[in-house]
Number of protein chains: 2
Amino acid sequence: MKLITRDTSYALHAICYLAKENDRIISVDELVKELKVPRAFIRKVLQKLNKKGILKSYKGAHGGFSLNKKAKSVYLLDIMQVFQGPFKLNECVFKKKACPELKKCRLKKKLDNIEDYIIKELKEISLKKMISSKKL
Amino acid sequence: MKLITRDTSYALHAICYLAKENDRIISVDELVKELKVPRAFIRKVLQKLNKKGILKSYKGAHGGFSLNKKAKSVYLLDIMQVFQGPFKLNECVFKKKACPELKKCRLKKKLDNIEDYIIKELKEISLKKMISSKKL
DNA sequence: GACAAATGATACTAATATGGTATCATTTAT
DNA sequence: ATAAATGATACCATATTAGTATCATTTGTC
Ligand code: FES
Ligand code: FES
């Protein structure tokens, strides 16, 4: 039961590396050397982040990637959702038909509360906080 | 990105039903009729819960299942872990070798904090709370 | 302009997890 | 003895995750 998949993990580490290097353009080659991650896989990850506007890409010789936003306005939740889609604790599914007890079910309400909390937490963690050396 | 799989969901609903019926022995047939869930699947789910000591089973004619614990001492986390294994936000994996920055990595620390929080939350939700009609 | 160095786009494969089914063995109330 | 139940297991289908490979396009440099 994991909340963060491999691609999200690679993305996080790549983005953290980029953030620490400020606006330097960094090639896939450099990232592969630094992070020891499969080249083809990380390329796909970076391209996706570029399409979502989190990274900027530079084509051609001496090309590469850099952050497209301030480190304090990139959030963990956003990165997770790029690769893992929207967050849903429990769909409350019984086959095809809508859950009959939806309105009075306490379980569903509890789960929704937890979901809201997790989302709030993940939204508060900015890239800046991640790479900071300060506590919390 | 879902935190609760289908089998956990079925388990929760079955267990809630059992809890509401106190110590009555309830057959798979009854559960299937009540919950409209695939018979073979729910059987597997119930057998697993029995092995883990959360349910008691009664074989033979008029057999079935009942709760093996007080509703206030069965927790959501336990049920989830029966089907989904131990909770791990992020394994911090770079291929086979241990993560080199494990000790100073802030990202890892943040994720661990979130993980701890989720576990704490899920541990606090007892079956009794789930089926209660009171708030929170 | 030729060329090399980079990313863009896309299609493919392999491994694992999830969701579900089927079958036969065993136990037990009647 | 028999029918009604669970136990144990093996199997199958689909989706997701993880990873690879290939060719097209862009761009700096000689
Ligand atoms: S989760 Fe749907 S009624 Fe409980
Ligand atoms: S998660 Fe391992 S060094 Fe950051």
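Before reading on, note that the structure itself is shown above.
This report concerns the structure included in the present document. The structure presented is a predicted model; accordingly, all values stated were derived computationally and were not measured. (Residues numbered from 1 in each chain as written. Chains lettered and ligands numbered in written order. Predicted model: local features only at pLDDT ≥ 70, side-chain atom pairs only at ≥ 80, totals over all residues. Heavy atoms only, no water.)

### A look at the overall build of chain A
Note the following rule: A helix here means a DSSP run of H or I that spans at least four residues, while a strand means a run of E at least two residues long, and both kinds are numbered starting from the N terminus. Each residue is placed in one exposure class: buried if its accessible area under a 1.4 Å probe, protein chains only, is under 20% of its type's maximum, exposed if it is over 50%, and partly exposed if it falls in between. We call two residues contacting when some pair of their heavy atoms lies within 4.5 Å. Residue burial considers only the protein chains on display, and all accessible areas are found by Shrake-Rupley using a 1.4 Å probe.
Across its full length, chain A carries 6 helices and 2 strands. From first element to last, N terminus to C terminus, chain A shows the α and β order α-α-α-β-β-α-α-α. Each of the 136 residues in chain A was classed as buried or not, and the buried ones make up 46%. Put simply, of all contacts in chain A between residues at least 6 apart along the chain, 63% involve residues at least 24 apart. When the accessible surface of chain A is totalled, it reaches about 7800 Å², and 51% of it is carbon and sulfur.

### Topic: the packing of aromatic side chains
All names here are of chain A. Going by this rule: We call Phe, Tyr and Trp rings a pair once their centres come within 6.5 Å, taking the six-membered ring for Trp, and we label the pair stacked below 30 degrees between planes, edge-to-face above 60, and tilted otherwise.
Applying the stated criterion across every chain, the model contains 3 aromatic pairs over all chains. Ring centres of Tyr10 and Phe41 lie 5.3 Å apart, and the angle between their planes is 80 degrees; this geometry places the pair in the edge-to-face category. Of this pair, Tyr10 sits in helix H1 (residues 6–20) while Phe41 sits in helix H3 (residues 39–51), and the two are 31 residues apart along the sequence. Residue classification places Tyr10 among the buried positions, given a relative accessible area of 2%.

### Quick word on the pattern of salt bridges
Should their charged atoms come close, side chains of opposite charge can pair. Residues and elements named next belong to chain A. Threshold: By definition, a salt bridge exists where a carboxyl oxygen of Asp or Glu is found within 4 Å of a side-chain nitrogen of Lys or Arg.
Under the definition given, this model contains 6 salt bridges over all chains. Between Arg24 and Glu30 there is a salt bridge, with its nearest N and O atoms 2.5 Å apart. Taking the relative accessible area as the measure of exposure, Arg24 reaches 37% and is therefore partly exposed. Taking the relative accessible area as the measure of exposure, Glu30 reaches 22% and is therefore partly exposed. Salt bridges here are not isolated pairs; linked through shared partners, they connect Glu21, Arg24 and Glu30.

### Some points on the protein's contact with DNA strand C
Heads up, the condition is: For this description, a residue counts as near a given molecule or strand if any of its non-hydrogen atoms is within 4 Å of it. What qualifies as a polar contact is a pair of N or O atoms within 3.5 Å, subject to a donor-acceptor requirement within protein and to the restriction that residues adjacent in sequence count only when both atoms come from side chains. Three residue categories are used. Nonpolar comprises Ala, Val, Leu, Ile, Met, Phe, Trp, Tyr, Cys and Pro, charged comprises Asp, Glu, Lys and Arg, and polar comprises the others, including Gly.
The full set close to DNA strand C counts 28 residues, and Arg43, Asn50 and Ser57 of chain A together with Lys2 and Lys44 of chain B are the nearest of them. Counting only the atoms of DNA strand C that lie within 4 Å of the protein, the sugar and phosphate share comes to 62%. Between DNA strand C and Gly60 of chain A there is a distance of 3.4 Å, counted from a sugar or linking oxygen to a backbone nitrogen or oxygen. At 3.4 Å, a backbone N or O of Ala61 of chain B approaches a base oxygen of DNA strand C. Counting only elements with at least two residues in the surface near DNA strand C, the list comes to helix H2 (28–35), H3, strand E1 (55–58) and strand E2 (64–67) of chain A together with helix H1 (6–20) and helix H3 (39–51) of chain B. Per-class residue counts for the surface near DNA strand C are 9 nonpolar, 10 polar and 9 charged.

### A look at the protein's contact with DNA strand D
Around DNA strand D lies a shell of 29 residues, among which Phe41 and Lys44 of chain A together with Arg43, Asn50 and Ser57 of chain B are the nearest. When atoms of DNA strand D within 4 Å of the protein are split into backbone and base, the sugar-phosphate part holds 61%. In the environment of DNA strand D, a base nitrogen lies 3.3 Å from a nitrogen or oxygen atom belonging to the side chain of Gln47 of chain B. When contributions to the surface near DNA strand D are tallied by element, the ones reaching two or more residues are H1 and H3 of chain A together with helix H2 (28–35), H3, strand E1 (55–58) and strand E2 (64–67) of chain B. Considering only residue class, the surface near DNA strand D consists of 9 nonpolar, 10 polar and 10 charged.

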